[in-house]
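Summary of structural features
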Amino acid sequence: MDGPFEQRITRLPRPYDPERGQEALGHVPGLSGPLAALVQGAAGSSPYLADLFRREGAWLQEALSEAPEAAFQSLLAAPVAALASDLRRKKARAAALIAFADLAGVWTLEEVTGALTRLADHAVDAALKDAVGVQIRQGRLPGQSEDDLVSAAGLSVLAMGKMGAFELNYSSDIDLICLFDETRFDPSDYAEARTGFVRAVRRMTQTLSDRTADGYVFRTDLRLRPDASVTPVAISMETAERYYESFGRTWERAAFIKARVAAGDIKAGERFLEALTPFVWRRHLDYAAIQDAQDMRLRIRDHKGLTKPISHLGHDLKLGEGGIREIEFFTQTRQLIAGGRDPSLRDNTTVGALQALAGKSWVPEDEATQLQQDYRAHREAEHRVQMVADQQTHCLPDNAEDFARLASLSDRDPADYAKEIEARLHRVAELTDGLFQPSGGVPQAEAGPETELLSRWAGYPALRSPRAVEILKRVWPRVDARLQAAGDPEEALAHFEAFLGGLPAGVQLFSLFEANPQLLDLVVDIVDTAPELGQYLTRNAGVFDAVIGGQFFGDWPGEAALKTELTGRLSEIEDYETRLDQARVWAKEWAFRIGVHLLRGLVSAEAAGQQYADLAGAVVQGLWPCVVAEFARKHGPPPGRGAAVVAMGSLGAGRLSATSDLDLIVVFDAGDAEASDGPRPLATRPYFARLTQALVTALAAPTAEGRLYEVDMRLRPSGRQGPVATSLAAFTTYQKEEAWTWEHLALTRARPLVGEPSLLADIEAVRRDVLAMPRVRDGVLQDVGEMRSRLQEAKPARHPLDSSNGAGGLQDIDLFAQAATLLSGDPSRQRFGQIDHAAKVYPLSEDDARILQEARQVFWTVRIAMRLVFGDTWPDEIGTGAAEFLGRITGYKTLEALEQAVSAHRASVADIVSRHLSP
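Since the structure is predicted, the reported quantities are computational estimates derived from the model, not experimental observations.

**Some points on the overall build of the protein**
Helix and strand counts for the protein stand at 39 helices and ten strands. Over its C-alpha atoms, taken along the principal directions, the protein stretches across nearly 115 × 75 × 45 Å. Considering the protein as a whole, with its 919 residues, one finds that 56% of them fall into the buried category. As displayed, the protein offers around 37,900 Å² of accessible surface, 50% of which is attributable to carbon and sulfur atoms. Counting 101 positive and 129 negative side-chain charges, the protein places the averaged centre of each group 2 Å from the other.

Shown next, in the form of structure tokens:
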């Protein structure tokens, strides 16, 4: 029907406040009859509409003289000069026209939501192309020109949720995902293009969302994009596709049922959605995926404040029991179950999908019809709730007076309207509850834990949901068998119980165990043997994605490849704090991998030590440019050649354990500069001192994802009394003229790690020059002997298996070997390789050299194993699982035998070192 507006009126709102309605009529002079009554009723019950009539009365009077479709089309087609204000004016006029068409029954629900969505499409397209045009003109989108604006230079905007389905409500947010076609750019231009698109999306969002004197256009939500907490607001289509293929979840599949390309590069966006079809529409959906959907539904019901009984006062029409979301969720779940096999069920509208499901007998015809009617009635009531004050709310008024206003806007008696709403809510709740589970039901659980265990674990967060309990019952026989096979089944059960108690949730992890029995074996092994790794698992169950993915047990990539991977991941993130969080997540996942490989005997103790060091080196190298860039943003780029980070101690030697600190120093070369050049310039010394502190904070400060490493900078020139960052000139002079013997010992392991290449080379040259300096043998041996005594007094052995501290321990061997390296002048850094220098310099007999090598191997193996199992704390006693691991990794059958071997090696090493360190 396309006749004039007045001839199509089928209902009229009542003025709750007649005086306000009469006042509004004065802003639309010349109206009479039903049109005048429409203005009075709408404005008399809605303060927001009354204000619209005051502002847009003249335009509205003209629009009401023709068919609303023609008036709306003319409004969209009107030219836009001042983008922000013109779009807001269009939004206000459209809101008035659509409200009239809705309240008067001139348009159906689908016509109302369709008009709102077309307005949103129009606004997004205009704001997007304006923003992309700015980036093109500024040269920030390589290879793109004004001719490319028609396709937004390759940027596609996906409308999600109600906008995607042409179902926007009256005061709706719009959910968007912004993706760009990376194939339009040379690989070398990719990063620059991404930055340009991020800026464009932010500008577009501001244009749409910012509230000005003219109001706002649409509140815009970009959080449905892949991994929204860490990704920029515009990402490449390839990145998004990889994400959904690897990490996409059930709720994201459901979200893409309604997805539609709304603006920008339409063709590229449609190609992306086509590529995503296998992710959204899977031919075989197992019960775990269906139950994921059911869990989402239950979480909505359990949302704070939404569990109260159904009422016409204060009830949430969208999320509450019997509300809009119940119908939408029920419909989408059925589509996910069957839509992979039957494309005819993939309608992205709620009403259309219900009709399609009924046509294929997935929903009884009469019940589908009832849900369609109830959905439309719910949505109309929702619109009136929002029309009162243009608020993004879905809650019915919580008092009788405001509910009466809502009833007047709906042309209903308050008492009748209340009964109707409550009856509809109860009916929807009953229909969706009764229809949700797929035919055949969910298989019943088989044998489970004993009642006593279930009762004891009932309060654990991981077992809050019945589904979690059900899955645990199904996997329990395998868990129990693995626990019974442990050396001490009761102790193993206690460790598993501690792991279970620390989990924040259980459904996803238990489902993984059910589908991957070998994963369950691994977890039981970890939590029984290495409580530290088990605690990590309780907080980071997502790491199992990597375990299942197949690369977890692949070859070690090495430091360079790790650095490249971390650098690439951080480059996708703009926010500095988010980069620090993601670096922590990434590093902990790799550290977990090393620990598991060591625990399962897949790598030796020496290889694991090298891997931990590779990881730490990659972290420092990957984070350093981020730290420098963030600091430079405030204080300007580093003067001269900037600063370099030098790895000292165990990191320099390439051997770390699971809990090692990082020994670092920072050396800078400012050239002739006296200060930085930036918004807040700093003199060179404080510049590099504060830059160094920023690095320490980036590595050591706890964030939401914990900390990376403790950092020790005491090996810098003058130790704690010296500046935290040293100039190259001062470093050179100090090392050649002032340094103590212990500081030259530290140089035997120093490794320039990251910085300007020529600066790294100069630091290495200084190190080599210092090590090549002539030495007085007796003086060096006396200094080292005194140092050894002080260390033994300050750090005695804490435990029979403390293989590091005390006389004859690993620290003794290291000091002995470093002294030999210093006396030989050899620049070799490898901790274990330095024993070869000891054999030549002291010299050592073949038996003494062999004893040192054997002791070093045992000591290091014990150290890295103990750190993996217990962290930095020494246990009062070592459990059976940990004892068996120590036996496996060292080759000793019992703890007593291992302790005796450590003690014997200590005595032999102490004797050798004492004999040869005497001047």
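There's plenty left to go through after this.
**Focus on the confidence of the model for the protein**
When pLDDT is averaged along the protein, the result is 88; 92% of the residues meet or exceed 70. Note that pLDDT drops below 50 for residues 284-288; the model gives that stretch nine contacts with residues more than four away or on any other chain. Throughout residues 435-447 the model reports pLDDT below 50, and contacts reaching past four residues in sequence, or to other chains, amount to 34 contacts.

**Quick word on helix H35 (residues 810-824)**
Its 15 residues give H35 an end-to-end C-alpha distance of 21 Å, which sits within 8% of 21 Å, the value for a rise of 1.5 Å per residue. For H35, the buried fraction is high: twelve of the 15 residues fall into the buried class. When we look at burial in H35, the residues that qualify are Leu810, Asp812, Ile813, Asp814, Leu815, Phe816, Ala817, Gln818, Ala819, Ala820, Thr821 and Leu822. In the stretch just after H35, Gly825 is the one whose phi turns positive, near 75°.

**Focus on the side chain of Glu326**
Locating Glu326 in the fold gives a position in helix H14 (residues 324-338). You can call Glu326 buried: its relative accessible area is 3%. A distance of 3.5 Å separates a polar atom in the side chain of Glu326 from a polar atom in the side chain of Thr432.

**Considerations on unusual backbone geometry**
Geometrically, the link from Tyr842 to Pro843 is a cis peptide bond, its omega value of -20° lying close to zero. Relative to the helices and strands, Pro843 resides in the loop between helix H36 (834-841) and helix H37 (846-870). One non-glycine residue, Ala153, lies in the positive phi region at around 60°. Positioned with a positive phi, Asp411 is a non-glycine residue whose angle comes to about 55°. Looking at the secondary structure, you find Asp411 in the loop between helix H17 (400-409) and helix H18 (414-435). Asp411 gets classed as partly exposed once you look at its relative accessible area, which sits at 29%.

**Some remarks on the environment of Gln40**
Structurally, Gln40 can be placed in helix H2 (residues 33-45). Of the residues examined, Gln40 reaches a relative accessible area of 23% and is grouped as partly exposed. As for Gln40 and Ala24, which are separated by 16 residues in sequence, their C-alpha atoms are 6.7 Å apart. With residues up to four places along the chain from it excluded, the contact list for Gln40 reads Pro15, Gly21, Gln22 and Leu25.

**Examining the packing of aromatic side chains**
Summed over all chains, the structure comprises 20 aromatic pairs. On the numbers, 5.5 Å between centres and 90° between planes, the contact of Trp556 with Trp590 is edge-to-face. With a gap of 34 residues between them, Trp556 in the loop between helix H25 (544-549) and helix H26 (559-571) and Trp590 in helix H27 (residues 576-599) connect regions that are remote in the sequence. Between Phe668 and Phe688, the ring centres sit 4.4 Å apart and the planes meet at 10°, which makes this aromatic pair stacked.

**Looking at the pattern of salt bridges**
For the coordinates displayed, the defined rule picks out 49 salt bridges. One salt bridge in this structure joins Glu710 and Arg707, with 3.5 Å as the shortest N-O distance. A relative accessible area of 38% means that Glu710 is categorised as partly exposed. Overall, the relative accessible area of 37% leaves Arg707 in the partly exposed class. For Asp814, the salt bridge is made with Arg749, and the minimal N-O distance between the two is 3.4 Å.

**Quick notes on the packing of helix H34 (residues 777-794) against H35**
Two packed helices can be described by the angle between their axes and the distance between those axes. One way to put it is that H34 packs onto H35 with a least axis distance of 11 Å and a crossing angle of 160°. By the angle between their directions, the pair H34 and H35 is classed as roughly antiparallel. The crossing of H34 and H35 is right-handed. Contacts between H34 and H35 involve Arg777, Val780, Leu781, Val784, Met787, Arg788, Leu791 and Gln792 from the former and Gln811, Asp812, Leu815, Ala819, Leu822 and Leu823 from the latter. Residue classes in the contact of H34 with H35 are distributed as nine nonpolar, two polar and three charged.

**Regarding the nonpolar core**
Side chains of nonpolar character tend, in soluble globular proteins, to be buried together. If you look at the biggest cluster of nonpolar residues, it comprises 151 residues, and the most contacted ones within it are Phe510 and Val619. Ranked by residue count, the leading element in this core is helix H28 (residues 605-635), at 16 residues. In contact with Val619, other than residues within four places in its own chain, are Leu566, Trp586, Ala587, Leu699, Leu708 and Tyr709. Of all hydrophobic cores here, the second largest spans 85 residues; its members include Leu75, Leu87, Leu128 and Ala153.

**Comments concerning the pairing of strand E7 (residues 662-669)**
Judged by how many residues are buried, E7 sits mostly within the fold: seven of eight residues are covered. Crossover connection from E7 via helix H30 (residues 684-700) to parallel strand E8 (residues 711-712): handedness right-handed.

**Re the side chain of Thr741**
For Thr741, the position within the fold is in helix H32 (residues 741-747). Beyond its immediate stretch of four places on either side in the chain, Thr741 contacts Val780, Asp783, Val784 and Leu822.

**Structural notes on the environment of Val233**
Position of Val233 relative to the elements: it lies in the loop between strand E3 (220-221) and strand E4 (234-236). Sequence spacing of Val233 and Cys178 is 55 residues, and the spatial spacing of their C-alpha atoms is 6.8 Å.

**Structural notes on the environment of Ser903**
Within the secondary structure, Ser903 sits in helix H39 (residues 895-917). The class for Ser903 is partly exposed, based on a relative accessible area of 44%. Considering only alpha carbons, one finds Ser903 and Gly809, 94 residues apart in sequence, at a separation of 9.3 Å.

**Some thoughts on the packing of H2 against H17**
Closest axis-to-axis distance for the H2/H17 pair is 9 Å, and the angle between their directions is 160°. One finds that H2 runs roughly antiparallel with respect to H17. In the crossing of H2 with H17, the sense of the turn from one axis to the other is left-handed. When H2 is examined against H17, the residues Gly41, Ala42, Gly44 and Ser45 are found in contact with a partner set consisting of Arg405, Ser408 and Leu409. Along the lines of polarity and charge, the residues of the contact of H2 with H17 split into two nonpolar, four polar and one charged.

Analysis parameters
Residues numbered from 1 in each chain as written. Predicted model: local features only at pLDDT ≥ 70, side-chain atom pairs only at ≥ 80, totals over all residues. Heavy atoms only, no water. Helix = DSSP H or I, 4+ residues; strand = E, 2+ residues; numbered from the N terminus. Buried < 20%, exposed > 50% of the residue type's maximum accessible area, 1.4 Å probe, protein only. Areas by Shrake-Rupley, 256 points an atom, 1.4 Å probe, with all protein chains shown as cover. Lys, Arg positive; Asp, Glu negative; His and termini not counted. Charge placed at Lys NZ, Arg CZ, Asp CG, Glu CD. pLDDT = per-residue confidence, 0-100. Contact = heavy atoms within 4.5 Å. Expected span 1.5 Å × (residues − 1). Polar contact = N/O pair within 3.5 Å; in protein donor to acceptor, adjacent residues only side chain to side chain. Phe/Tyr/Trp six-rings, centres within 6.5 Å; stacked < 30°, edge-to-face > 60°. Salt bridge = Lys/Arg side-chain N within 4 Å of Asp/Glu carboxyl O. Axes fitted to C-alpha atoms, helices over the stretch in contact; angles between N-to-C directions. Parallel < 35°, antiparallel > 145°, perpendicular 65-115°, else oblique. Left-handed = near helix turned anticlockwise from the far one by under 90°. Nonpolar A, V, L, I, M, F, W, Y, C, P; charged D, E, K, R; others polar. Core = buried A, V, L, I, M, F, W, Y, C linked by side-chain atoms within 4.5 Å. Right-handed = clockwise from strand over helix to strand, strands pointing away.

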